[in-house]
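Survey of secondary and tertiary structure
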Amino acid sequence: MCHNDKLSALPAPGTFQRKKVDGITHWEYPPEYGVPTKHVAVLTDIYGCNTFYQSFATYLTSKGWQVNLVDLFSDLGELKEVTREAAFERRHLLRDRYVCDQLQRYIANQEVSAVVGFCLGANYVLELARREVPATLVGFYPFPAGLANQDGIEPPLDYAAGLKQPVTLLVGDADDSSGRENMAKLAEIAKTNTVLDVHLYHQSGHGFLAHLDSEDAALRKNAEDALAECVLAIAK
């Protein structure tokens, strides 16, 4: 599921400072130049702060932004092994509603201007939109039908039509992990709720930003466009 390898299309991971504030551990990447014009928080998938996310965070610093790579799993230890099964075992120890409560406080107190979430992190982004948290919100390949959890949050499809806080979603129509039908439903809801900005990419599946390195020109273009839309949303 999602990302666990660095992409050649993204820069090498830069330097960071590890901090814990408001109950949230983050890896703080300073802007590549000057005073930061935005403070961006990145929420990972179930694999955590691996080299893909370190590289993605570093890429965003090239725009002049400070990037806080949020370590959702800091209190749960390292993965026993880099496998889907081990990642899910650790993920199930999280309490989703409690995590979102923490994130809401963290965003306000740290003056975070934008949040970008992937997979599990994208579901947290949608929950923040449901709560009308005042930040720019971007999500890659969420799970619209929700994810089982001991402290569950509402499935996005249950409230998407009534969202009032703008959110940008970057999803693939061939996403078999999140469900092709669910992605199509999101895109359909977005036709009548204009705050829901859904970009549905043809033939792209779950984790399709990895296609930045693809030799398939069409899939690579989808990934490049999604990355550009993410940057555009933050920059507004």
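Keep in mind the model is a prediction, meaning the values are calculated, not measured.

Quick look at the overall build of the chain
When helices and strands are tallied, the chain shows six helices and eight strands. Counting the 236 residues in the chain, one finds 56% classified as buried. Considering only intrachain contacts with a sequence separation of at least 6, the fraction spanning at least 24 residues in the chain is 75%. For the chain, the accessible area works out to roughly 10300 Å², and carbon and sulfur atoms hold 48% of it.

Some details on the nonpolar core
Counting 42 residues, the largest nonpolar core has V115, Y124, V167 and L196 as its most contacted members. Going through the elements one at a time, β3 (39-43), α2 (84-91), α3 (96-109), α4 (120-130), β7 (167-172), α5 (180-190) and β8 (196-201) are the ones with two or more residues in this core. In terms of residues, this core owes the most to one element, α4, which gives six residues. The residues contacting L196, other than those within four sequence positions of it, are A160, L163, V167, L169, L186, I189 and A190. Core analysis: the next-biggest nonpolar cluster, separate from the first, contains 37 residues, L7, V67, F140 and A233 among them.

Brief notes about the environment of T44
Inspection of the secondary structure assignment puts T44 in the loop between β3 and α1 (51-61). A relative accessible area of 0% places T44 in the buried class. Taking the C-alpha atoms as reference, T44 lies 9.2 Å from C2; in sequence the two are 42 residues apart. Setting aside chain neighbours within four positions, we find T44 in contact with C49, Y53, L69, V70, L72, F73, F118, L120 and G121.

Digging into the pattern of salt bridges
Scanning the entire structure with this criterion turns up 14 salt bridges. Here K19 makes a salt bridge to E28, at a shortest N to O gap of 3.2 Å. Note that E154 and R130 form a salt bridge whose closest N and O atoms lie 3.4 Å from each other. Remark: R130 occurs in helix α4 and E154 occurs in the loop between β6 (136-140) and β7; sequence separation between them is 24 residues. Since its relative accessible area comes to 34%, E154 is described here as partly exposed. Within this structure, D101, E127, R130, R131 and E154 form a network of salt bridges that share partners.

Criteria and cut-off values
- Residues numbered from 1 in each chain as written.
- Predicted model: local features only at pLDDT ≥ 70, side-chain atom pairs only at ≥ 80, totals over all residues.
- Heavy atoms only, no water.
- Helix = DSSP H or I, 4+ residues; strand = E, 2+ residues; numbered from the N terminus.
- Buried < 20%, exposed > 50% of the residue type's maximum accessible area, 1.4 Å probe, protein only.
- Contact = heavy atoms within 4.5 Å.
- Areas by Shrake-Rupley, 256 points an atom, 1.4 Å probe, with all protein chains shown as cover.
- Core = buried A, V, L, I, M, F, W, Y, C linked by side-chain atoms within 4.5 Å.
- Salt bridge = Lys/Arg side-chain N within 4 Å of Asp/Glu carboxyl O.

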